[in-house]
Amino acid sequence: MNCNNIYFVSGIDTDAGKSYCTAWLANQWAAQGHTVITQKLIQTGNTGHSEDIDLHRRIMGTGLLPEDREGLTMPEIYSYPCSPHLAARIDRRPIDFDRIDRATRTLAGRYGRVLVEGAGGLMVPLTDDLLTIDYLQQRGYPLVFVTSGKLGSINHTLLSLEAIRHRNIPLHTVLYNLYPPVEDTTILDDTRDYIRRHLARHFPETRFLEVPVMPTSHA
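All figures in this text were calculated on a predicted structure; none of them were measured in a lab. Each residue is numbered by its place in its chain's sequence as written, counting from 1. The model is predicted, so local features are restricted to residues of pLDDT at least 70 and side-chain atom pairs to those at 80 or more, both for listing and for counting; the totals for chains, interfaces and linings are taken over all residues. With hydrogens and water excluded, all non-hydrogen atoms of the structure serve as input to the side-chain values.

**Focus: the overall build of the protein**
And step 1. Secondary structure elements follow DSSP: runs of H or I no shorter than four residues count as helices, runs of E no shorter than two count as strands, and numbering proceeds from the N terminus. When helices and strands are tallied, the protein shows eight helices and eight strands.
And step 2. Taking 2.2 N^0.38 as the reference for a compact globule, 219 residues should give roughly 17 Å; the C-alpha atoms of the protein span a radius of gyration of 16 Å, in line with that estimate.
And step 3. Overall size of the protein, expressed as C-alpha extent along the three principal axes, is 45 × 35 × 30 Å.
And step 4. Exposure is judged per residue with a 1.4 Å probe applied to protein chains only, and the accessible area is read against the type maximum: over 50% gives exposed, under 20% gives buried, and values in between give partly exposed. For the protein, buried positions account for 53% of its 219 residues.
And step 5. Treating the 22 positive side-chain charges of the protein as one cloud and the 25 negative ones as another, the clouds have centres 4 Å apart. With the radius of gyration taken over C-alpha atoms, the globule rule is written as 2.2 Å times the number of residues to the power 0.38. Residues scored as charged are limited to Lys and Arg (positive) and Asp and Glu (negative), so that His and the chain ends carry no count. Taken as the charge location is NZ of Lys, CZ of Arg, CG of Asp or CD of Glu.

**Observations regarding the pattern of salt bridges**
And step 1. Salt bridges are counted wherever a side-chain nitrogen of Lys or Arg sits within 4 Å of a carboxyl oxygen of Asp or Glu. The final tally for this structure, using the stated rule, is 16 salt bridges.
And step 2. A salt bridge links lysine 40 to aspartate 52, with the shortest nitrogen-to-oxygen separation between them at 2.9 Å. Of this pair, lysine 40 sits in strand 2 (residues 36-40) while aspartate 52 sits in helix 2 (residues 51-60); the two residues are 12 residues apart in sequence, bridging distant segments of the chain.
And step 3. Overall, the relative accessible area of 5% leaves lysine 40 in the buried class.
And step 4. For aspartate 52, a relative accessible area of 14% corresponds to the buried category.
And step 5. Between glutamate 76 and arginine 99 there is a salt bridge, with the nearest N and O atoms lying 3.2 Å from each other. Here arginine 99 lies in helix 5 (residues 97-110) and glutamate 76 lies in the loop between helix 3 (66-69) and strand 4 (77-78), a separation of 23 residues in the sequence.

**Here's the deal with the packing of helix 1 (residues 18-31) against helix 2**
And step 1. Running from N to C, helix 1 and helix 2 cross one another at 40°; their axes reach a closest spacing of 9 Å. Classified by the interaxial angle, the pair formed by helix 1 and helix 2 is oblique. Here helix 1 runs over helix 2; the crossing is right-handed. Contact residues: helix 1 offers Ser19, Tyr20, Thr22, Ala23, Trp24, Ala26 and Asn27, while helix 2 offers Asp52, Leu55, His56, Ile59 and Met60.
And step 2. Note on residue categories: nonpolar means Ala, Val, Leu, Ile, Met, Phe, Trp, Tyr, Cys or Pro, charged means Asp, Glu, Lys or Arg, and polar means any other residue, Gly included. Here the residues of the contact of helix 1 with helix 2 are counted per class, giving seven nonpolar, four polar and one charged. With axes taken as lines fitted to C-alpha atoms, and helix axes fitted only over the stretch in contact, angles between N-to-C directions fall between 0 and 180 degrees. Should an angle lie under 35 degrees it is considered roughly parallel, over 145 roughly antiparallel, and from 65 to 115 roughly perpendicular; all remaining angles are considered oblique. Crossing chirality is assigned from the near helix's rotation relative to the far helix, an anticlockwise turn below a right angle marking it left-handed and a clockwise turn marking it right-handed. Working rule for contacts: check all heavy atoms of both residues, and any pair within 4.5 Å makes them a contact.

**Some remarks on the environment of isoleucine 154**
And step 1. Relative to the elements of secondary structure, isoleucine 154 occurs in helix 7 (residues 153-166).
And step 2. The class for isoleucine 154 is partly exposed, based on a relative accessible area of 23%.
And step 3. Separated by 33 residues in the primary sequence, isoleucine 154 and isoleucine 187 have C-alpha atoms spaced 10.0 Å apart.
And step 4. Aside from chain neighbours lying at most four places away, what touches isoleucine 154 is Asp190, Thr191 and Tyr194.

**Considerations on the sheet that holds strand 5 (residues 113-121)**
And step 1. At least two bridges found by DSSP between two strands is the condition for calling them paired. Spatially, six strands are ordered 2-5-1-6-7-8 in an open sheet, and the strand pairing comes out parallel. The open sheet terminates on both sides in strands that have one partner only, identified here as strand 2 and strand 8 (207-211). Recorded for the sheet is a direction-independent mean angle of 25° between the axes of neighbouring strands.
And step 2. When strand 1 (residues 6-11) meets strand 5, the two strands line up parallel, connected through five bridges. Within strand 5, the position partnered with phenylalanine 8 by the bridge is valine 116.
And step 3. Across the face of the sheet, helix 5 comes into contact with strand 1, strand 2 and strand 5 while running at roughly 170° to strand 2.
And step 4. Seen against the sheet, helix 7 touches strand 6 (143-148) and strand 7 (171-177) and runs at an angle of roughly 160° to strand 6.

The structure is reproduced here in structure tokens:
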């Protein structure tokens, strides 16, 4: 499946703020006149509902959408808060990728743009034999990548960018998450400048956007 209006959101790690940034970008695109919906690829640590989708809707200010109630935006939910491969094993229910693909295609048919938020970083295993980056490469989705100015972000970002380049994954946008706010911005400012210079050299077509702290922000 390769729909040109589906974008995959990943990040440097579990705490990069992907859910917050996914909703922020959805708002930005909606303000530009696009119809936008978000989807959680696989939700872990929940039962029956996706807390990440709840956060998206709060930040987007939409409340739950009909597609949320249909289960299209949260097609696979597992109870234990861990990587999908382990969560599926604990719940004794394999991930139904066909169901996920059908849901994503349906959303892509109803909306101008779909943002699919992954779990953790690019190397998180979805199954014992399938990494998130494998799934992304197979589907051909453009990537929206979330990073931040916390200590260690340069290393995690550059490692991820090496993998992205090696797999020939289209890097659409890098989101630089400013949440949570910090008083000393020395590392944050330097990391921002370093990543921007690296992108300009190696990914000149990629957009770089700063994601500001909003009053309703939750990373």
